[in-house]
Amino acid sequence: MDRGTGSQRKGDTQGRRGESTDDPGLDQLLVRAADGDEEAFAGLYEALVDTVMGLACRVVRDKAQAEEVTQDVMVEVWRTAKQFQPARGAARNWVLTLAHRRAVDRVRSVAAGRARELRAAVREQERSFDTVAEEVEVREEQRVVFRCLTELARELRLPLVLAYYEGLTYAEVAEALSTPPGTIKSRMRQGLKRLYDCMEAGS
Amino acid sequence: MNLTDDPHLDVGAYVLHALPAAEEAAFENHLASCLPCRLEAEQLSKAAVGLGAAETSAPSADLRRRVLDQIATVRQVPPDAFASRSRRRRQGV
């Protein structure tokens, strides 16, 4: 069965708001992959590989390494597919959460002397955010995310992007922003909640 | 009075994978016994996934074949929650 990327299912607007990207077809593919169905896994791969690779590129900043991470993630998806529980969240979220963890593990493992780079990371995130936010050729989902990030106050946005895209721990974020660690944890929680509410309202 | 002593406070950092390994393990223990925390973590992780899906990039064309070749040799683990994580942790990663 070749169902491509499942875009034909995007017309399902009766799904709850904010879950328009939760493709039930992908959940089914992952459940079948968990039963050892390699064809279903190939369908899942095709639907998600560009997003996994995009995330890996953003975090590890090196195409060859990002591809290694992507390969590693996809094989891990296969290996641990039986642990996926559809009731606990969509397949896409499950795969991207795993991908983010692997990408962060990769940058942390090579991050000797990171402290020196913290301030550079702050500048880089400010700059790349400004650049990306201006791009017009983005998917609707991306547009919503960027708009919601823009609407976040800088003090809430920076901890999110430094942790998520740079792979910094909350303590490193605290150091980079000269802010107490407890405050950073609190802002991460608050920032994600605002982002969630905004994405729900806008999608 | 230390804010960092409130385990609920860690949920955002946890979802962003921004807790060091020891604190992450402690928070996962807390999650196991805190339903509201699990629900909040699931909700916040949707926002994090939004950040993760912000860009796409096509890998080289032969990655698909490499992955499909590789999975043919990889055995799937049983549906044991957190099994792969705790295994990773025991290895000290």
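Residues numbered from 1 in each chain as written. Chains lettered and ligands numbered in written order. Predicted model: local features only at pLDDT ≥ 70, side-chain atom pairs only at ≥ 80, totals over all residues. Heavy atoms only, no water.

### Comments concerning the state of the cysteines
Residue and element names in this part refer to chain A. For the structure shown, the criterion picks out 2 disulfides over all chains. The disulfide bridge from C148 ends at C198, spanning 2.1 Å between sulfur atoms. Torsion about the S-S bond of the C148 and C198 cystine: about -80°, corresponding to left-handed handedness. Separated by 50 residues along the polypeptide, C148 in helix α6 (residues 140–151) and C198 in helix α9 (residues 181–202) bring together distant segments of the chain. (Disulfide = S-S within 2.5 Å. Helix = DSSP H or I, 4+ residues; strand = E, 2+ residues; numbered from the N terminus.)

### Some details on the UniProt feature "domain: RNA polymerase sigma factor 70 region 4 type" (unreviewed entry) in chain A
The UniProt record marks residues 146–195 of chain A with the feature "domain: RNA polymerase sigma factor 70 region 4 type" (unreviewed entry), using the residue numbering of this structure. Between the C-alpha atoms that bound residues 146–195 of chain A the distance is 10 Å, and the span itself is 82% helix and 0% strand. (UniProt positions renumbered as here; feature names shortened; annotations may be inferred.)

### Remarks on the packing of helix α1 (residues 24–34) of chain A against helix α4 (residues 91–109) of chain A
Residues and elements named next belong to chain A. Their axes nearest at 8 Å, the elements α1 and α4 cross at an angle of 70°. Overall, the two elements α1 and α4 adopt an arrangement that is roughly perpendicular. Contacts between α1 and α4 pair L26, D27 and L30 from the former with A91, R92 and W94 from the latter. Tallied by class, the residues present in the contact of α1 with α4 amount to 4 nonpolar, no polar and 2 charged. (Axes fitted to C-alpha atoms, helices over the stretch in contact; angles between N-to-C directions. Parallel < 35°, antiparallel > 145°, perpendicular 65-115°, else oblique. Contact = heavy atoms within 4.5 Å. Nonpolar A, V, L, I, M, F, W, Y, C, P; charged D, E, K, R; others polar.)

### What to know about the packing of helix α7 (residues 154–166) of chain A against α9 of chain A
All names here are of chain A. Relative orientation of the contacting elements α7 and α9 amounts to 95°, with a least axis distance of 8 Å. Here α9 runs roughly perpendicular to α7, going by the angle between their axes. Where α7 approaches α9, its residues E155, L156, P159, L160 and A163 are matched on the opposing element by I184, R187, M188, Q190, G191, L192, R194 and L195. Split by residue class, the contact of α7 with α9 holds 8 nonpolar, 2 polar and 3 charged.

### Some thoughts on unusual backbone geometry
Backbone geometry places S178 of chain A, a non-glycine residue, at a positive phi of 50°. Among the secondary structure elements, S178 of chain A is positioned in the loop between α8 (170–176) and α9.

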